[in-house]
Amino acid sequence: MTAATNPAAPLDPSQLFGFPLDDFQLEAIAALNHGHSVVVSAPTGSGKTLIGEYAIHRALAHGQRVFYTTPLKALSNQKLRDFREQFGAHRVGLMTGDLTANREAPIVVMTTEIFRNMLYAEIDHSDDPLEGVEAVVLDECHYMNDSQRGTVWEESIIHCPPAIQLVALSATVANAGQLTDWIEQVHGPTDLIHSDFRPVPLQFNFCSVKGLHPLLNDAGNGLHPNCKVWRAPKGHQRKGKSPKPPQPEAPSMGFVVAQLAERQMLPAIVFIFSRRACDKAVRDLIKASLVNDHEAVQLRTQLEAFALKSPDAVRDGYHVEALLRGVASHHAGVLPAWKEFIEELFQQGLVKVVFATETLAAGINMPARTTVISSLSKRTENGHRPLMASEFLQMSGRAGRRGLDIQGYVVAMQSRFEGVKEAGQLATSPPDPLVSQFTPSYGMVLNLLQRYALPKAKELVERSFGRYLATLDLADDQSRITSLREQLELLGESSTDVPWEDFEDYEKQRNRLREERRLLRILQQQAEETLAHELTLALQFASPGTLVSLKAPQLRGGVSPAVIVEKLQGAAQFPLLICLTDENVWIVVPCHAVVCIHAELSCLQVQNIPVPELERGGELRHGDQHSGGLALAVSAMARRHDMHTPQYDLAGEVRDQAELVNSFELELELHPAHRWGDRKQLKKQRRRMEELEEEIAERQQLLHHRANRHWETFLSLIEILRHFGCLDQLEPTEIGRTVAALRGDNELWLGLALMSGHCDELEPADLACVLEAISTEVSRPDLWTAYPAPVKAEEALHDLRGLRRELDRLQEQHGVLFPLWWEPDLMGLVKAWADGESWSDLISNTSLDEGDVVRLMRRTVDLLAQLPYCPAVSEELRRNGRRALQMINRFPVKEELPGVIDDSLNPATLRASLLDV
């Protein structure tokens with residue numbers, strides 16, 4: 001029976017918690033009592049978890065169950081400890097990738113991936129694993145933004161039965177309303193509970209080499225008046241690829257911690273985006289003691305107890321010495337057991353400073369008085385980038401301990417490239433919105449097709465948060481397309497009497513005429529250059545009285561008939577010519593101004609004509625009555641003979657091209673479009689119409705892609721699955737059911753490798769090596785291990801190359817990007833561990849950090865543990881898989897929690913609990 005139909009009276013929160021609740025907590029509880037799901041968006045440390053706890057109390061009172069999901073195993077383990085203490089150990093179970101304990105308990109803590117897997121596994125079995133579940137708490141729901149794992153939250157919400165209430169607990173995000181609206185659409189009635197109230201207010205500070213001082217003004221909306229924004233000195237020239245000049249010197253970590261200690265701002269979490277830098281900071285503080293004598297004794301006592309229980313988990317060297325002085329590091333390279341030990345000591349107030357990577361900000365209960373953010377940018381797989389506002393807020397939110405501190409402190413540090421300006425911008429920026437990371441996978445396709453017909457599968461795929469957000473954008477895009485179409489229609493209406501086909505034909509003819517004219521000019525130029533030389537040579541021998549045609553700038557650019565009257569000595573070997581034109585103008589021209597010699601015409605008598613004094617080329621003089629008669633004779637000859645055409649225009653090719661140009665000009669004049677109005681304006685209008693048509697087509701294509709990209713990916717995955725025999729039409733085959741039973745980054749690659757037969761005869765240790773190689777990747781340039789890869793495992797991996805190449809080719813062909821992991825360099829490490837190598841010897845023979853080795857082994861354990869539930873693998877492979885699992889799943893690879901007895905046949909996966917075998 002769900003809460004919506006349960007007639008039981010609501011619980012009294014004041015009796016449950018013993019203190020007055022905040023308004024947003026009461027509002028959320030009221031919504032749950034009305035049977036609604038809730039999205040709670042509130043700052044870190046504001047008390048969101050209490051709402052999840054109320055859902056637990058309420059379910060217990062109703063005799064129902066609650067699943068409490070978290071994004072991290074470490075957070076699940078922490079919640080397990082908290083809830084056991086709060087509700088009793090017998091009432092709390094755990095399901096993570098490593099442990100399954102008390103899975104039938106009314107309260108089950110699990111990672112969100114396990115819950116998602118449970119929803120898919122339900123497809124295969126008649127037993128309902130969600131029987132009696134009243135509510136599911138999705139803690140740290142803003143993890144939907146995680147690029148690698150965010151899709152898990154969307155799939156969980158889409159496939160969770162509507163009768164189960166969802167309690168989504170999220171840090172402050174910009175679009176919590178959109179998330180709420182989407183959950184209401186795909187799941188059921190959902191209320192948004194929003195709060196920006198912080199029980200412990202934050203003060204933002206900035207630390208440079210000059211000291212620690214306030215960052216923001218009293219209103220909290222701008223820089224403090226005393227903050228000086230650094231500017232590069234004049235004349236600074238940027239060098240290299242640096243986007244901006246270096247900032248002033250950054251303070252040392254010892255100086256920052258000293259400033260905090262002096263101002264009573266400890267304990268503190270210092271966020272550093274590098275494991276190596278975290279450990280270096282511990283070394284830098286090795287001589288600083290932050291604890292008193294009593295605390296030092298407590299630290300030593302607890303360290304000795306921990307070392308006695310888990311000797312392999314104690315970090316070597318300076319880390320122990322630093323811990324005894326109240327300083328530690330916390331990052332993914334550290335063993336989980338040691339990290340949990342550090343967390344416990346920090347919560348007790350014994351560790352005063354923890355240097356941590358940002359994963360610590362993801363919900364782990366380590367409240368501090370102060371958080372220090374060492375850099376306002378970080379290195380990612382896609383290069384260096386500034387911190388996002390939500391990242392900054394998430395880390396800042398760890399500051400301020402409720403019930404212990406009146407105020408929390410956030411300190412941004414001066415770094416090489418960021419200073420007070422960037423810190424102020426982040427501190428005053430609103431949170432970023434949630435985005436969708438939903439992506440169909442091979443496992444999703446097969447699991448949906450096992451249960452639903454294709455239309456229903458499409459409906460489920462299109463229920464993603466990504467599609468919902470796209471739909472909101474699509475409305476804007478569709479509105480823009482409508483606007484563009486209206487513009488196009490108006491332009492079309494204003495030119496309805498213009499037959500655009502004729503206009504386009506006219507424009508084509510104009511372009512052709514333009515081209516033919518260009519060709520004519522080229523031919524004329526070529527003929528002119530050829531004939532100019534010949535004419536110049538001929539003019540040396542031309543006698544006075546010879547008729548010529550001139551082309552000179554002084555004659556206004558036209559071709560003028562003239563007669564040579566006299567020759568002058570030129571500067572070069574060619575003479576200057578004194579000519580008289582038909583307009584009775586005397587001119588001195590060089591030989592190249594003559595464009596035609598009319599040698600076929602009779603020479604005129606020029607002996608008795610007085611010649612004016614002319615000496616320089618280009619010199620002009622108007623003639624008189626003495627020269628007028630000769631000018632009339634030239635004019636008469638020009639009327640009877642063509643003396644206005646340059647000789648090069650009379651060349652055959654030039655003449656033919658000129659006739660062609662004339663014919664095109666005539667044809668264009670007779671074209672109907674030639675008589676239209678402003679053709680330039682019409683052409684501009686036509687171009688605008690074409691631009692509108694192109695933009696509409698592009699936007700429609702983009703619209704289609706955004707609306708259908710998930711489904712198109714889904715269909716592409718179907719084609720790839722068919723190629724490898726996983727689907728018969730749309731029905732999963734035995735091969736397909738095996739792939740569907742797997743969980744990984746690329747289920748198809750894992751399934752095909754397991755079913756290939758190449759691993760069937762491997763010894764258990766060698767099998768573990770191959771499964772490590774195909775399920776993990778370590779991106780480290782300094783990667784090395786002293787253990788050579790075993791020969792049999794290498795041979796089996798080599799045999800899988802062809803299969804991998806084929807799948808890679810098909811994925812590329814269909815535009816699908818799923819990793820095909822291939823990590824042979826670490827097979828020897830797995831072999832050594834499986835063969836019983838000690839942990840300390842194993843770590844001393846590799847460049848990997850301890851945490852990296854644990855993750856590598858756990859990924860291998862996870863795949864080995866799935867083998868018994870793969871229908872199409874051989875019995876021999878299952879048997880060897882079980883043996884390999886026993887060989888490598890030992891501490892510290894296998895997690896050991898106090899008071900938790902692993903009750904699953906399969907410690908690395910939830911599927912055993914689902915199958916109940």
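Everything numeric in this text was worked out from a predicted model, so none of it was measured.

Remarks on the overall build of the protein
Okay, step 1: Scanning the protein from terminus to terminus reveals 31 helices and 25 strands.
Okay, step 2: Considering the protein as a whole, with its 917 residues, one finds that 53% of them fall into the buried category.
Okay, step 3: Considering only contacts within the protein whose residues lie at least 6 apart along the sequence, 76% involve residues at least 24 apart.

Structural notes on the packing of aromatic side chains
Okay, step 1: Following the criterion strictly, the structure yields 15 aromatic pairs and no others.
Okay, step 2: Each ring, one from Phe67 and one from Phe115, has its centre 6.3 Å from the other, and the planes form 75 degrees; the classification is edge-to-face. Of the two residues, Phe67 is situated in strand S2 (residues 65-70) and Phe115 in helix H5 (residues 112-121); the sequence distance between them amounts to 48 residues. For the pair Phe67 and Phe115, a shared accessibility class is recorded, and that class is buried.
Okay, step 3: With 5.4 Å between their ring centres and 50 degrees between their planes, Tyr442 and Phe818 make a pair best called tilted. Here Tyr442 is found in helix H15 (residues 442-451), whereas its partner Phe818 is found in the loop between helix H26 (801-813) and helix H27 (827-834), with 376 residues between them in sequence.
Okay, step 4: Residue classification places Tyr442 among the buried positions, given a relative accessible area of 0%.

With respect to the packing of helix H24 (residues 764-775) against H27
Okay, step 1: It is at 8 Å that the axes of H24 and H27 come closest, and there the two elements cross at 145 degrees. Where H24 crosses over H27, the two elements pack in a sense that is right-handed. Taking contact as the criterion, the partners of Ala765, Asp766, Ala768, Cys769, Val770, Glu772 and Ala773 in H24 are, on H27, Met827, Val830, Lys831 and Ala834.
Okay, step 2: A breakdown of the residues in the contact of H24 with H27 according to their chemical character gives 8 nonpolar, no polar and 3 charged.

Notes on unusual backbone geometry
Okay, step 1: Residue Leu266 is joined to Pro267 through a cis peptide bond whose omega torsion reads 5 degrees.
Okay, step 2: Going from Phe891 to Pro892, the amide bond is cis rather than trans, its omega being 5 degrees.
Okay, step 3: Tracing the backbone shows Pro892 in the loop between helix H30 (875-888) and helix H31 (911-915).
Okay, step 4: Even without being glycine, Glu140 reaches a positive phi, approximately 55 degrees.
Okay, step 5: Residue position: Glu140 is located in the loop between strand S6 (133-138) and helix H6 (151-159).

Some words on the packing of helix H23 (residues 747-755) against H26
How two helices sit against one another is set out by the angle between their axes and by the gap between those axes.
Okay, step 1: One can describe the packing of H23 onto H26 by two numbers: an axis separation of 10 Å at closest approach and a directional angle of 150 degrees. In terms of orientation, H23 lies roughly antiparallel with respect to H26. The two elements H23 and H26 cross, and the hand of that crossing is right-handed. Seen from H23, the contacting residues are Leu748, Trp749, Leu752 and Ala753; seen from H26, they are Leu803, Arg804 and Leu807.

Quick word on helix H10 (residues 293-309)
Okay, step 1: The end-to-end C-alpha distance of H10 is 25 Å, a good match for the 24 Å that 17 residues give at a rise of 1.5 Å each.
Okay, step 2: Taken residue by residue, H10 has Glu295, Leu299, Leu303 and Phe306 as its buried positions. Looking straight down H10, one finds its buried side chains confined to an arc of 70 degrees; they lie on one side. When the buried face of H10 is taken as reference, the exposed residues oriented beyond 90 degrees from it are Asp293, His294, Val297, Glu304 and Leu308.
Okay, step 3: Between the side-chain oxygen at the start of H10 and the backbone nitrogen of His294 there is a gap of 3.2 Å, and the oxygen is on Asn292.

Section: the sheet that holds strand S12 (residues 327-330)
Okay, step 1: In spatial order, the strands read S10-S9-S17-S14-S11-S13-S12; together these 7 strands make up an open sheet with mixed pairing. Of all the strands in the sheet, just strand S10 (211-214) and S12 have a single pairing partner and so form its edges. Direction aside, the axes of adjacent strands within the sheet are offset by 25 degrees on average.
Okay, step 2: Of the strand pairs in this sheet, S12 and strand S13 (residues 353-356) are connected by 4 bridges, and their pairing is parallel. Bridge pairing in S13 links Ala328 to Val354.
Okay, step 3: Along the sheet face, helix H13 (residues 389-396) touches strand S9 (202-208), strand S11 (268-271), strand S14 (370-373) and strand S17 (408-413) and points at about 145 degrees away from the line of S14.

Regarding the sheet that holds strand S18 (residues 547-551)
Okay, step 1: Reading across from one edge, S22-S18-S19-S20-S21-S23 is the order of the 6 strands in this open sheet, with antiparallel pairing throughout. Every other strand in the sheet has two partners, leaving strand S22 (594-597) and strand S23 (620-622) as the edge strands with one partner each. Averaged over all pairs of adjacent strands, the angle between strand axes in this sheet comes to 35 degrees, irrespective of strand direction.
Okay, step 2: As judged from the 3 bridges shared by S18 and S22, these two strands associate in the antiparallel manner. Looking at the pairing, Val548 lines up with Ile597 of S22.
Okay, step 3: Helix-sheet contacts for helix H19 (residues 625-640) involve S18, strand S19 (559-568), strand S20 (576-581) and strand S21 (585-590), and the interaxial angle to S19 is about 135 degrees.

Side note on the pairing of S20
Okay, step 1: Within S20, 6 of the 6 residues are buried, which leaves it mostly tucked inside the rest of the structure.
Okay, step 2: Pairing analysis gives 5 bridges linking S20 to S21, with the strands arranged antiparallel. The residue of S21 that forms the bridge with Cys579 is Ile587.

Description of the environment of Ile522
Okay, step 1: Here Ile522 shows up in helix H18 (residues 500-539).
Okay, step 2: When the C-alpha atoms of Ile522 and Val654 are compared, they prove to be 9.2 Å apart, with 132 residues separating the residues in sequence.

A word on the confidence of the model for the protein
Okay, step 1: Taken as a whole, the protein shows an average pLDDT of 84; of its residues, 85% reach a score of 70 or greater.
Okay, step 2: Note that pLDDT drops below 50 for residues 1-7; the model gives that stretch 11 contacts with residues more than four away or on any other chain.
Okay, step 3: Confidence drops under pLDDT 50 across residues 905-917; counting only partners more than four residues distant or on other chains, this segment forms 44 contacts.

With respect to the side chain of Asn117
Okay, step 1: Mapped onto the secondary structure, Asn117 falls in helix H5.
Okay, step 2: The class for Asn117 is buried, based on a relative accessible area of 13%.
Okay, step 3: Side-chain polar atoms of Asn117 contact the side chain of Arg743, separated by 3.3 Å.

Focus on H13
Okay, step 1: The element H13 is extensively covered by neighbouring structure, given that 7 of its 8 residues are classed as buried.
Okay, step 2: For H13, the complete set of buried residues consists of Ala389, Ser390, Glu391, Phe392, Gln394, Met395 and Ser396.

Points about the pattern of salt bridges
Okay, step 1: The tally for this structure, following the rule as stated, stands at 26 salt bridges.
Okay, step 2: Note that Glu134 is salt-bridged to Arg58, the shortest N-O span being 3.5 Å. Of this pair, Glu134 sits in strand S6 while Arg58 is found in helix H3 (residues 49-61), placing the two residues 76 residues apart along the sequence.
Okay, step 3: Given the relative accessible area of 2%, Glu134 is considered buried.
Okay, step 4: Exposure remark for Arg58: the relative accessible area of 5% places this residue in the buried category.
Okay, step 5: A salt bridge links Lys456 to Glu459; its shortest N-O distance comes to 3.5 Å. Placement of both Lys456 and Glu459 in helix H16 (residues 454-461) is noted, with a separation of 3 residues, approximately one turn of the helix.
Okay, step 6: Residue classification places Lys456 among the partly exposed positions, given a relative accessible area of 32%.

Reading the values: rules and limits
- Residues numbered from 1 in each chain as written.
- Predicted model: local features only at pLDDT ≥ 70, side-chain atom pairs only at ≥ 80, totals over all residues.
- Heavy atoms only, no water.
- Helix = DSSP H or I, 4+ residues; strand = E, 2+ residues; numbered from the N terminus.
- Buried < 20%, exposed > 50% of the residue type's maximum accessible area, 1.4 Å probe, protein only.
- Contact = heavy atoms within 4.5 Å.
- Phe/Tyr/Trp six-rings, centres within 6.5 Å; stacked < 30°, edge-to-face > 60°.
- Axes fitted to C-alpha atoms, helices over the stretch in contact; angles between N-to-C directions.
- Left-handed = near helix turned anticlockwise from the far one by under 90°.
- Nonpolar A, V, L, I, M, F, W, Y, C, P; charged D, E, K, R; others polar.
- Parallel < 35°, antiparallel > 145°, perpendicular 65-115°, else oblique.
- Expected span 1.5 Å × (residues − 1).
- Arc of directions from axis to C-beta.
- Polar contact = N/O pair within 3.5 Å; in protein donor to acceptor, adjacent residues only side chain to side chain.
- Pairing = 2+ DSSP bridges.
- pLDDT = per-residue confidence, 0-100.
- Salt bridge = Lys/Arg side-chain N within 4 Å of Asp/Glu carboxyl O.

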